[in-house]
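Structure assessment
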Amino acid sequence: MNNRVLACLSVFVCGIMCSCYSSRDTTNAQYDIVFGNDNYIAASEIVKDREIIELDTVKDALIPNISDYQIAKDRIYCLSNSNGGFICVFTLSGKFLFRIDTKGRAAHEWTSLTSMFINEQDNIIALLDGGSRKVLLYDLDGKYIKNVKLGEYDFNEVAYNKGYIYSATNTGSAGFKLTEATRYKVNVYDTNGKLVSRIIDDGLNDGVIALDKLTHFYLKGSTLLYVPTLNNCVYTLDGLNSQNYVEYDCISDEKFIEEKNVSELAKIGSYNFGDGEDTFYSNVYAESDQLVYRRLGYHNAIDVIYDKQNGKTYRTSFDSFGQNRGRLSENFLSPPPFLYYKGRFYARPRLVILSLSEKTLGDNLTDEIRMIRHKIQRGEINNILISYKLSIGK
């Protein structure tokens, strides 16, 4: 397969019947991922060696809602946006280690924590205080290093890699308007907060798309990736520059949200949840040495997996909001993977569904899920994450 990529700028027709919100710029890329309706494989057939990680219940470990989670040094760093924001750190088995919770107005404190990024190789936790537009840098043991005040452009998440701070814009923070401040998806700063580059001008108003995952940044080894919403590309970020890394090319009859629909939603300040006929490329992405995974849509999601070894693309159905309407999904314990670490994918289940009655949950309420539900009700589980292996064609 020839490797090429799309730099997405407007609306194009993907194949004969697939209308995609993007356009073609054939520059170098590593992967060209073509997908259609064939090669469907059930999640139950590829999710193997699943482990349910029960997070510790000691007082400082309590984190009722996990807004984001990342892994480094065999630790799980869980972010909660509740009560100004805090971070709880656990072992891979769920044992509590420590908590980072320094709210206030001092140099090392925040008022409203909105984003977390973990870089194991640089030994950095980058936190964004949305209340003060301040980036706080800690080491992986929770020791404060410094803070950096960024410039005038709108942003709602940050990343750190190789001495640069990256901020991701979103038109939702600018009244859903695509302006000079929001037209570039990524702004690059040095560690003194000086703007040194603005990159990825794709012309897409992504603020109207509901997100299942907070961050668009994904660190693969030492390579920083940016996974945009609406855009069918994935980019590498290297200092002042970006390069196309992956192109997704739809050849089936999926109907993608059109630019005019996005503009209408922006005018009224509403969100698209991928509910109905239209879908979109999301920022939910994970990559291992063998597989590249990305989700399309939100409620009625499409999951696309590319096998690097055989060059084939597969479709599956990990859990989604749409599957849990009116009953418990059979894929409840197979949520979409948010990250990959040391041979395993990590995912976050939708625990809110377990608050429904057993009658409503239906026939898919297995003994295993019933036990989890009862532990939550009795306060014996703080929260859970799920890890698993993906095995395709074996």
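I will try to describe carefully the structure that is included in this document. Note that the structure is a prediction, hence the values are computed from the model and not measured.

1. Quick look at the pattern of salt bridges
Tallied over the full model, the rule gives 23 salt bridges. Of the charged contacts in the structure, one is a salt bridge between Asp-101 and Arg-99, with a shortest N-O distance of 3.3 Å. Residue classification places Asp-101 among the partly exposed positions, given a relative accessible area of 31%. Linking Arg-370 and Asp-367 is a salt bridge whose minimum nitrogen-to-oxygen distance equals 3.3 Å. In this pair, Arg-370 and Asp-367 both sit in helix α4 (residues 367–377), three residues apart, roughly one turn of the helix. Classification of Arg-370 as partly exposed rests on a relative accessible area of 24%.

2. So, the nonpolar core
The biggest cluster of nonpolar side chains holds 66 residues, and the ones touching the most others in it are Tyr-69, Cys-78, Tyr-248, Tyr-285, Phe-318 and Leu-390. Here the element with the most residues in this core is strand β29 (residues 384–390); it accounts for five residues. Those residues within four positions of Leu-390 in sequence are excluded, and the remaining contacts are Ile-46, Val-47, Leu-291, Ile-305, Phe-318 and Phe-345. One finds Val-148, Tyr-189, Leu-224 and Cys-233 within the second-largest nonpolar core, a separate group that totals 28 residues.

3. Here's the deal with helix α2 (residues 259–268)
Residues of α2 that are buried: Val-262, Leu-265 and Ala-266. Along α2, the residues classed as buried sweep out an arc of 100° about the axis, all on the same side. Seen from the buried face of α2, the exposed residues on the opposite side, beyond 90 degrees, are Lys-260, Lys-267 and Ile-268. Directly beyond the C-terminal end of α2, a positive phi value near 65° is found at Gly-269.

4. Some points on the pairing of strand β20 (residues 241–250)
Along β20, seven of the 10 residues are buried, which leaves the element largely enclosed by surrounding structure. Two elements, strand β19 (residues 233–238) and β20, share six bridges in a ladder whose sense is antiparallel. Pairing of Asp-238 across the sheet is with Asn-241, part of β20. The antiparallel hairpin formed by β19 and β20 contains two residues in its connecting segment, where Gly-239 sits at a positive phi of about 65°.

5. Describing the packing of aromatic side chains
Throughout the structure, instances matching the rule amount to 17 aromatic pairs. Consider the rings of Tyr-69 and Phe-338, whose centres lie 5.8 Å apart with planes at 5°: the pair is stacked. Here Phe-338 lies in strand β27 (residues 337–341) and Tyr-69 lies in strand β5 (residues 68–72), a separation of 269 residues in the sequence. Accessibility assignment for this pair places Tyr-69 and Phe-338 in one class, buried.

6. Some points on the sheet that holds strand β23 (residues 281–287)
Overall, antiparallel pairing links the four strands, which are arranged β23-β24-β25-β26 in an open sheet. Unpaired on one side and paired on the other, β23 and β26 (313–316) mark the two borders of the sheet. Between one strand and the next, the sheet's axes are offset by a mean angle of 20°, whatever the strand orientation.

Cut-offs used in this document
Each chain has its residues counted from 1, running along the sequence as written. Local features in this predicted model are restricted to residues whose pLDDT is 70 or higher, and side-chain atom pairs enter the listing and the counts only when it is 80 or higher, whereas totals over whole chains, interfaces and linings include all residues. Hydrogens and waters are ignored; side-chain quantities use all the structure's heavy atoms. Any carboxyl oxygen of Asp or Glu within 4 Å of a side-chain nitrogen of Lys or Arg constitutes a salt bridge here. Note on exposure labels: buried denotes an accessible area under 20% of the residue type's maximum, exposed denotes more than 50%, and partly exposed covers the range between, all computed with a 1.4 Å probe on protein chains only. Numbering of helices and strands starts at the N terminus; helices are DSSP runs of H or I of at least 4 residues and strands are runs of E of at least 2. Residues grouped as a nonpolar core are buried Ala, Val, Leu, Ile, Met, Phe, Trp, Tyr and Cys residues, joined through side-chain atoms within 4.5 Å. Two residues form a contact once any of their heavy atoms are found within 4.5 Å. In this description, one arc is meant: the one made by directions from the helix axis to the C-beta atoms. Two strands are counted as paired when DSSP detects at least two bridges linking them. Ring pairs are drawn from Phe, Tyr and Trp, using the six-membered ring of Trp, whenever the two centres fall within 6.5 Å, and their geometry is named by plane angle: stacked under 30 degrees, edge-to-face over 60, tilted for the rest. Fitting a line to C-alpha atoms yields each axis, with helices limited to the stretch in contact; the angle taken between N-to-C directions then spans 0 to 180 degrees.

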